[in-house]
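Remarks on the overall topology
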Amino acid sequence: MSKKLNVAVVGATGAVGKVMIRILEDRNFPIDNLYLLGCARAAGTLVEFHGGSHEVTELDEFDFSDVDLGLFSAGASVSAGFVPKAVEDGVVVVDNTSQFRRDPEVPLVVPEVNLHALKAHRGIIANPNCSTMQMVVALKPIYDAVGIKRIIVATYQSVSGGGQKAVNELVAQTNAVLN
């Protein structure tokens, strides 16, 4: 991709948002302007990206009209309220929450498995949860080779599923026990 994009990361100070920003940096994603968005509590926080500091802006006050790509991971209720507004402003949104996963009008995409589904998007692209995404990438070659009749899966992600606040609480509790 030679064109640089204006990218917004919604939930920039959360556990997933931080990883999104790191991956954008690690992969040297072609970004012209990076907009880091969060709640009022996160507004003003400085986040490092490519050697510079970027200030988190409050989502409620943000105008998406200059954004090309929006990466949303701030919870389903936030996506419900802001994704339609972003799409209306011309943003292509990749939503990492549960908000659009079951919507028949929104493609559920794992690029290594069904990249072709992107063609059907109308501004919103959903992705499955983290456990499912990893699993289907591993299962796709098996399915293609011999088929799969049934899969039984159990995951145990109570802390990480609770976001950065829950991870911080676990760290604090672990430190308290160990100290």
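Here's what I pulled together on the structure shown here. What you are looking at is a predicted structure, and each value in this text was computed from that prediction instead of being measured.

Procedures and definitions
- Residues numbered from 1 in each chain as written.
- Predicted model: local features only at pLDDT ≥ 70, side-chain atom pairs only at ≥ 80, totals over all residues.
- Heavy atoms only, no water.
- Buried < 20%, exposed > 50% of the residue type's maximum accessible area, 1.4 Å probe, protein only.
- Helix = DSSP H or I, 4+ residues; strand = E, 2+ residues; numbered from the N terminus.
- Pairing = 2+ DSSP bridges.
- Right-handed = clockwise from strand over helix to strand, strands pointing away.
- Patch = residues over 30% accessible without salt bridge, like charges linked within 9 Å, V, L, I, M, F, W, Y side chains within 5 Å.
- Areas by Shrake-Rupley, 256 points an atom, 1.4 Å probe, with all protein chains shown as cover.
- Salt bridge = Lys/Arg side-chain N within 4 Å of Asp/Glu carboxyl O.
- Lys, Arg positive; Asp, Glu negative; His and termini not counted.
- Charge placed at Lys NZ, Arg CZ, Asp CG, Glu CD.
- Polar contact = N/O pair within 3.5 Å; in protein donor to acceptor, adjacent residues only side chain to side chain.
- Phe/Tyr/Trp six-rings, centres within 6.5 Å; stacked < 30°, edge-to-face > 60°.
- Contact = heavy atoms within 4.5 Å.

Regarding the pairing of strand β1 (residues 5–10)
The buried count for β1 comes to six of six residues, which makes it a mostly enclosed element. Of the two faces of β1, the one holding L5, V7 and V9 and the one holding N6, A8 and V10 are both buried throughout. Here six bridges tie β1 to strand β2 (residues 31–38), and the two strands are oriented parallel to one another. When the sheet's bridge partners are listed, V7 is paired in β2 with L34. Read as a crossover between parallel neighbours, the route from β1 over helix α1 (residues 15–26) to β2 is right-handed. Summarising the sheet, β1 and strand β5 (residues 69–72) pair through four bridges and their orientation is parallel. Paired with V9 across the two strands is L71, which belongs to β5.

Description of unusual backbone geometry
Trans peptide bonds make up the majority, and among non-glycine residues the majority have a negative phi. Notably, N28 is not glycine yet its phi reads approximately 50°, a positive angle. Position of N28 relative to the elements: it lies in the loop between α1 and β2. Among the residues examined, N28 registers a relative accessible area of 56% and is labelled exposed. Positioned with a positive phi, H50 is a non-glycine residue whose angle comes to about 50°. Its place among the elements puts H50 in the loop between β3 (46–49) and β4 (52–58).

Observations regarding a negative patch on the surface
Residues D63, D66, E88 and D89 make up a contiguous surface patch of negative charge. Looking at the secondary structure, you find D66 in the loop between β4 and β5. According to the relative accessible area criterion, D66 is exposed, its value standing at 52%.

Section: the side chain of D95
With respect to the element layout, D95 can be found in strand β6 (residues 92–95). A distance of 2.5 Å separates a polar atom in the side chain of D95 from a polar atom in the side chain of S79.

Description of the packing of aromatic side chains
Scanning all chains against the criterion turns up three aromatic pairs. Ring centres of F62 and F64 lie 4.9 Å apart, and the angle between their planes is 85°; this geometry places the pair in the edge-to-face category. Overall, F62 belongs to the buried group, its relative accessible area being 18%. When the ring of F64 is compared with that of F72, the centres are 6.0 Å apart and the planes differ by 20°; the resulting orientation is stacked. Side by side, F64 and F72 carry an identical accessibility label, which is buried.

Here's the deal with the side chain of T97
As for its position among the elements, T97 is in the loop between β6 and α3 (111–114). Judged by relative accessible area, T97 falls into the buried class, the value being 6%. In terms of polar contacts, T97 uses its side chain to reach the side chain of D95, at 2.6 Å. Within the structure, T97 has its side chain in polar contact with the backbone nitrogen of Q99 (distance 3.1 Å). Those residues within four positions of T97 in sequence are excluded, and the remaining contacts are F72, S73, A74, G75, A76, S79 and N127.

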